[in-house]
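Each chain, written out:
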Amino acid sequence: MSAGDRPSGVPTRVEQRGAPVRGEQTPTRTAEGKPRHLYEVDVLRILTFACVIGVHTTSHTVATDDVPLNALLGLLHFTRLVFFSLTAFVLVYSYTLRPRPMAQFWPKRFLLVGVPYLAWSFLYVGSSWLLGSTTRGDVPVLVRTYAEGIVTGVSWYHLYFLLVTMQVYLLLPVIAWLVRKTRGHHVTVLVLSLVVQLVVFAGYKYFPASDAWLHGYQKQFFFSYVFFIVAGAVAADHADAFLRFIRVRRRAVLWGFVGVGVLTLAVWWLQVALGQSLYAAGTPLQPIQVIWSAAVFVGFLAIGARWADRRRPGSPLARVIDYGSDRSFGIFLSHPFMIWILLYGDSWLGQVVPKPWLTLVTYVLVLVLSVAVTELFRWTPLSVPLTGRPSLASRGQREARARKRAAAAPLPQRSPEPVEPDDALVGETDDVGRRAAR
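Residues numbered from 1 in each chain as written. Predicted model: local features only at pLDDT ≥ 70, side-chain atom pairs only at ≥ 80, totals over all residues. Heavy atoms only, no water.

**Student:** Provide a residue-level description of the layout of surface pockets, including the pertinent values.
**Tutor:** Here the second largest pocket defines a volume of roughly 500 Å³. As for the second largest pocket, its lining consists of 21 residues, and the residues nearest its centre are Leu 190, Phe 227, Ala 231, Phe 242 and Val 298. Every element with two or more residues in the lining of the second largest pocket is listed here: helix H3 (79–97), helix H8 (186–206), helix H9 (226–237), helix H10 (239–248) and helix H12 (287–310). (1 Å grid on protein atoms, 1.4 Å probe; cavity = no way out; pocket = protein on both sides within 12 Å on 5 of 7 lines; lining within 4 Å. Points joined across faces, edges and corners; volume = space filled by probe spheres on them. Helix = DSSP H or I, 4+ residues; strand = E, 2+ residues; numbered from the N terminus.)

**Student:** Residues and numbers for the environment of Leu 91, please.
**Tutor:** When you line up the elements, Leu 91 lands in helix H3. Residue Leu 91 is classed as buried on the basis of its relative accessible area of 1%. Considering only alpha carbons, one finds Leu 91 and Ile 175, 84 residues apart in sequence, at a separation of 9.9 Å. (Buried < 20%, exposed > 50% of the residue type's maximum accessible area, 1.4 Å probe, protein only.)

**Student:** An account of unusual backbone geometry is needed here, citing residue identities and associated values.
**Tutor:** When glycine is set aside, most residues are seen to have a negative phi, and most peptide bonds are trans. Looking along the chain, the bond that leaves Lys 355 and enters Pro 356 is cis, with omega of 5°. With respect to the helices and strands, Pro 356 occurs in the loop between helix H14 (348–352) and helix H15 (357–378). Residues other than glycine seldom take positive phi values, yet His 215 does so here, at roughly 55°. With respect to the helices and strands, the residue His 215 is situated in the loop between H8 and H9.

**Student:** An account of the environment of Phe 83 is needed here, citing residue identities and associated values.
**Tutor:** Within the fold, Phe 83 resides in helix H3. Given the relative accessible area of 1%, Phe 83 is considered buried.

**Student:** How would you explain the pattern of salt bridges if you had to name every residue and give the values?
**Tutor:** According to the stated counting rule, one finds 11 salt bridges in the structure shown. Across the pair Asp 237 and Arg 183 runs a salt bridge whose closest N-O atoms are separated by 2.7 Å. Here Asp 237, found in helix H9, pairs with Arg 183, found in the loop between helix H7 (172–181) and H8; they are 54 residues apart in sequence, far enough to count as distant. Accessibility expressed as a relative area gives 6% for Asp 237, which makes it buried. Take Arg 183: its relative accessible area is 36%, and that puts it in the partly exposed class. Ionic pairing is found between Asp 309 and Arg 247, a salt bridge with its closest N-O pair at 3.0 Å. On the criterion of sequence distance, the pair formed by Asp 309 in helix H12 and Arg 247 in helix H10 is long-range, its members being 62 residues apart. Using a relative accessible area of 16% as the deciding quantity, one classes Asp 309 as buried. Members of the salt-bridge network, linked through shared partners, are Arg 36, Glu 40, Arg 247, Arg 250 and Asp 309. (Salt bridge = Lys/Arg side-chain N within 4 Å of Asp/Glu carboxyl O.)

In structure tokens form, the structure reads like this:
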């Protein structure tokens, strides 16, 4: 590769970990040596959230004999695994830049994830309780169902994501210790965790008696995603080299992404031919999803890196992506409620729109409604419990005070460095840019 072909953000020589060459921009550092906002992560987050809505919308609207949509559903089941890689990556990356005692880390993280978990669990359980003719008015049933939902993550079908995320938060000291102690042997760690992941998923898929002791709660435990948590953490420890590889080998990464997608569809067809239902052939907890989800993670990052290297600050697309990344967690929390409203009972939507068009129409409506509801919540005092983010009204007041102080200051103020969006589901690195550089 000639110097003129080198992707933006890739330095001319390799830096040691934590010691970038001053004056040269790297995938994680500006030319001044300050932590750089990872815009590629924004794109990865948005694409994955869009696919989460696709999974849930398709699951509720697909006909059991619809081959194309069931095949698509099998491909979309990567979302949970990519999320846990992304969670571990962002957590370890931010913790490496700005280590802090767990006594400071845990309260903030559990505020921005635990409170929405409790709030939305109650909303979903309470709504079901009110609509149920046999449960409405039975307060002990409401209390018991809510408590069980909190413990098991089954208040609604997507809330286990948050339960596992909080397990990862609790394990952050162990994860950071493992990454630190195994430096120089990370390839071995990745291979071992990959083997464990494949064995675990093979048991879940093909030997159901092997996980009977979990009583159907396989997806609620962190050990069901061990490779993706470890891989995300290791990638964060090698963030510069990892993101540089994504850029330099972007074409190979994207071709690999396509190839593994074809392989995943081939496995789906084979399992259907062997007698599995169209849906069962594409379930998420199976070995092929391990390979496919890893390919999606690097493939989406490659797409995000291309965007980051060509991003024009202030452009309409840049503003849309910034907005989508900021609102993504609130959209994740609320979108199943929108699906429920649109498709409840003998839904008018299902009567008006025939299948398979119902899937597309429902997806668009759910997306629009979820964005609108999230935007509304963000401007209320309920923003933290309903979106996992501070209220925009209070943020605006803080920014106004900051501008007033800056105007009164005798010395010119530096504009703040771009920072990671405070996304509760996948960890946050807000304020990394300024404090870590000091």
